Amino acid sequence: MKNTSSVPECKDCMKANKRIFSTLTEEELDKLTYDKTCSTYKKGSTIFHEGNRIHHFYCVFSGIVKMYKTGIEGKDQIVAFAKYGDIIGYRSILSKEPACTTAKAIEEVVLCVLSAKNMFEFVENNNKFSMELMQMACRELGEANQFLTDIAQKSVRERLAEVIVKLKEIFSVDADGFLKVSLTREELANLVGTATESVIRLLSEFKTDKYIDLKGRKIRILNEEQLRKISNYY
């Protein structure tokens with residue numbers, strides 16, 4: 001269920017996604033702000049479903065969105081997260097294809113809902129915007145290819161160690177050193193690509209070995225160097 005929120009100025013958020021929005025002219029930024037709406041999604045709400053046609057792209061103003069695909073026997077595979085300043089849904093708009101993932105709020109999320117018409121106008125008339133958008137899509141494709149390689153070549157233990165380090169890189173840590181994202185054990189398993197039981201066992205092992213500390217869902221890295229060594233991720 002979504003509720004309309006007050007609409008922030010796109011100019012005020014440029015720093016959150018410099019690469020893409022800083023390429024827009026002042027007139028284009030004003031048009032983007034004028035034409036968009038903002039919606040609040042409660043924790044657990046679905047923003048769009050895999051396989052459905054979507055008619056807008058979205059910019060995350062606050063909160064965290066998980067992007068996942070549903071595989072065999074309904075098992076989910078998390079492929080990415082989106083946070084403040086990130087854009088989601090744009091590839092389906094550009095390709096004019098159904099959404100290739102499902103987007104769900106893992107905490108309360110405020111999204112700016114942006115016009116597909118505006119995107120196509122910017123692509124057609126602003127070469128810098130077009131280039132940044134293409135580079136962003138290429139980076140995401142590269143990350144997806146790396147994920148497939150990891151699934152094929154790394155053990156579950158190696159993948160979990162890598163995921164924990166990457167979560168720190170993406171979300172950073174709070175004042176107590178815990179990751180600023182709180183995932184269920186099932187979500188961690190969906191991110192790693194394994195059974196929930198395996199993640200629970202390996203987290204316990206990492207805690208025993210003093211690589212991490214656990215407080216409910218929260219994770220604090222105690223020995224990042226060792227986690228990187230386990231995962232061969234540098």
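None of these values were measured; they are calculated from a predicted model.

Trainee: Could you clarify how one ought to interpret unusual backbone geometry in this entry?
Mentor: Backbone geometry follows two general trends: most residues other than glycine have a negative phi, and most peptide bonds adopt the trans configuration. In this structure, Lys96 is a non-glycine residue whose phi angle is positive, near 55°. On the basis of relative accessible area, Lys96 is assigned to the exposed category, the value being 59%. Phi at Ser172 takes a positive value of approximately 65°, unusual for a residue other than glycine. By the element assignment, Ser172 lies in the loop between α6 (156-171) and α7 (185-192).

Trainee: In this structure, what is going on with the sheet that holds strand β8 (residues 102-105)? I would like to understand it.
Mentor: Hydrogen bonds along the backbone pair up the strands of a sheet, which may run parallel or antiparallel. An order of β3-β8-β5-β6 is seen for the 4 strands of this open sheet, with the pairing classed as antiparallel. Here the strands that pair on one side only, and so sit at the sheet edges, are β3 (46-48) and β6 (76-82). Looking at each pair of strands side by side, their axes are set apart by 30° on average, direction ignored. Bridge count for β3 against β8 is 2 bridges, and the pairing is antiparallel. Residue pairing in the sheet places Thr46 in a bridge with Lys104 of β8.

Trainee: Is there a simple way to explain the packing of aromatic side chains in this structure?
Mentor: Remark: the centre distance and the inter-plane angle together describe each pair of aromatic rings, the angle taken between the planes. Summed over the entire model, instances satisfying the criterion amount to 5 aromatic pairs. Consider the rings of Phe61 and Tyr84, whose centres lie 6.2 Å apart with planes at 80°: the pair is edge-to-face. You can see Phe61 sitting in strand β4 (residues 56-62) and its partner Tyr84 sitting in the loop between β6 and β7 (87-88), a full 23 residues away along the chain. Of the residues examined, Tyr84 reaches a relative accessible area of 39% and is grouped as partly exposed. Measuring from centroid to centroid gives 5.7 Å for Phe122 and Phe129, while their planes differ by 75°, and the two rings are edge-to-face. Assigned by exposure class, Phe122 and Phe129 land together as buried. The lysine or arginine in question, Lys66, covers the ring of Tyr68, its NZ or CZ lying 5.4 Å from the ring centre. Here the basic side chain of Lys96 rests over the ring of Phe120, its NZ or CZ set 5.6 Å away from the ring centre.

Trainee: Honestly, the pattern of salt bridges in this entry has me stumped. Any pointers?
Mentor: Side chains carrying opposite charge are able to pair once their charged atoms draw close together. Tallying each qualifying case throughout the model produces 12 salt bridges. Between Glu187 and Lys66 there is a salt bridge; the shortest N-O distance is 3.2 Å. Here the residue Glu187 occupies a position in helix α7, and Lys66 occupies one in strand β5 (residues 65-70), the gap between them amounting to 121 residues. On the accessibility criterion, Glu187 (12% relative accessible area) is buried. We note a salt bridge from Glu140 to Arg91, for which the minimum N-O separation is 3.2 Å.

Each value, and the rule that gives it
Residues numbered from 1 in each chain as written. Predicted model: local features only at pLDDT ≥ 70, side-chain atom pairs only at ≥ 80, totals over all residues. Heavy atoms only, no water. Buried < 20%, exposed > 50% of the residue type's maximum accessible area, 1.4 Å probe, protein only. Helix = DSSP H or I, 4+ residues; strand = E, 2+ residues; numbered from the N terminus. Pairing = 2+ DSSP bridges. Axes fitted to C-alpha atoms, helices over the stretch in contact; angles between N-to-C directions. Phe/Tyr/Trp six-rings, centres within 6.5 Å; stacked < 30°, edge-to-face > 60°. Lys NZ or Arg CZ within 6 Å of the ring centre and 35° of its normal. Salt bridge = Lys/Arg side-chain N within 4 Å of Asp/Glu carboxyl O.

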